[in-house]
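Chain by chain, the residues:
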Amino acid sequence: MKAIVFDVFGTIVDWRSSLINQFNELEKELGIELPSEVLADQWRQLYAPSMDRVRRGEIPWMVLDDLHRESLVTLLNQHGIALDEATIDRVNYFWHQLEPWPDVPHGLQRLKEHTIIATLTNGNASLMVDVARHAKLPWDMIFCAELFEHYKPDSEVYLGACRLLRLPPEEVMLCAAHNADLRAARALGMKTAFIPRRTEYGPQQSKDLEAEEAWDFVAEDLVALSERLIRDRRRA
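Residues numbered from 1 in each chain as written. Predicted model: local features only at pLDDT ≥ 70, side-chain atom pairs only at ≥ 80, totals over all residues. Heavy atoms only, no water.

Applying the stated criterion across every chain yields a total of 23 salt bridges. Close ionic contact of Lys28 with Glu25 constitutes a salt bridge, the shortest N to O distance being 3.7 Å. Separated by 3 residues within a single helix, Lys28 and Glu25 lie in helix α1 (residues 15-30), roughly one turn from each other. One salt-bridge network, in which partners are shared between bridges, spans Arg183, Arg186, Glu212 and Glu213. (Salt bridge = Lys/Arg side-chain N within 4 Å of Asp/Glu carboxyl O. Helix = DSSP H or I, 4+ residues; strand = E, 2+ residues; numbered from the N terminus.)

Here is the structure:
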């Protein structure tokens, strides 16, 4: 295995807490009441349906930033929250300022010592660059849906990353906190690693609490994954 590509939203960054904290700060700034947790959760709930409209060809290709903004406007209207266009743009930018899970900085640095590390995300390029800079993520490369004009789980995303790395799928591993993402990657011949993020969707999370299949690697976090891979290399 020569490269590890990572899902980002949920696996690498804690989008929910990050959005809630930013909504709370905006509430203080504007002096209005905002249902921060509800807005964060409902915004994320619109994520997959918005991409599916693109995947099914119902609407032309749009990057995630633009889909997020459409979903945000819909959500604000549903809650009767009136914000000017500039503020809506600022709120949409919340996705560019997401905090990493605590194990991520050290875990990625350790993994980077021995293998190529890159994103494999539905986020667009500018979004991922901003997230990387904000969270200090040391990627070797950013692979994103925008490069291939497809959203996961379309095969073009996974195989496109392998093609650009000039590696066969069996030499590339997807690391994700989502079993469905790993299923799509494994079906194409990629290696798989599961990292649970049991509070990604909040205290009532009911999915992706554990590995649902026998993935190539299962570890509690990225530091544990790096230690496992180092031990395996020493044995080889």
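Turning to the layout of surface pockets, a few remarks are in order. In this structure, the largest pocket occupies an estimated 490 Å³ of space. Along the walls of the largest pocket sit 21 residues, with Arg44, Tyr47, Ala48, His178 and Ala180 positioned nearest its centre. Where the lining of the largest pocket is concerned, the elements lending two or more residues are α3 (47-55) and α10 (179-187). Here the residues of the lining of the largest pocket sort into 8 nonpolar, 3 polar and 10 charged. (1 Å grid on protein atoms, 1.4 Å probe; cavity = no way out; pocket = protein on both sides within 12 Å on 5 of 7 lines; lining within 4 Å. Points joined across faces, edges and corners; volume = space filled by probe spheres on them. Nonpolar A, V, L, I, M, F, W, Y, C, P; charged D, E, K, R; others polar.)

Next up on the list: the packing of aromatic side chains. Inspection of every chain in the model, using the stated rule, returns 9 aromatic pairs. Between the aromatic rings of Trp43 and Trp95, the centroid separation amounts to 5.6 Å while the plane-to-plane angle is 75°, which identifies the pairing as edge-to-face. Of this pair, Trp43 sits in helix α2 (residues 36-45) while Trp95 sits in the loop between α5 (85-92) and α6 (104-112); the two residues are 52 residues apart in sequence, bridging distant segments of the chain. Of the residues examined, Trp95 reaches a relative accessible area of 0% and is grouped as buried. On the basis of an interplanar angle of 25° and a centroid distance of 4.7 Å, the ring pair of Trp61 and Tyr151 is categorised as stacked. Of the two residues, Trp61 is situated in the loop between α3 and α4 (64-79) and Tyr151 in the loop between α8 (145-148) and α9 (155-165); the sequence distance between them amounts to 90 residues. Through pairs of rings, three or more aromatic residues link up here, namely Phe9, Trp15, Phe23, Trp43, Tyr47, Phe94, Trp95 and Tyr201. The positively charged end of Arg44 is found above the aromatic ring belonging to Tyr47, 4.1 Å away from the centroid. (Phe/Tyr/Trp six-rings, centres within 6.5 Å; stacked < 30°, edge-to-face > 60°. Buried < 20%, exposed > 50% of the residue type's maximum accessible area, 1.4 Å probe, protein only. Lys NZ or Arg CZ within 6 Å of the ring centre and 35° of its normal.)

Honestly, that's just the spatial picture; any functional story needs more than this.
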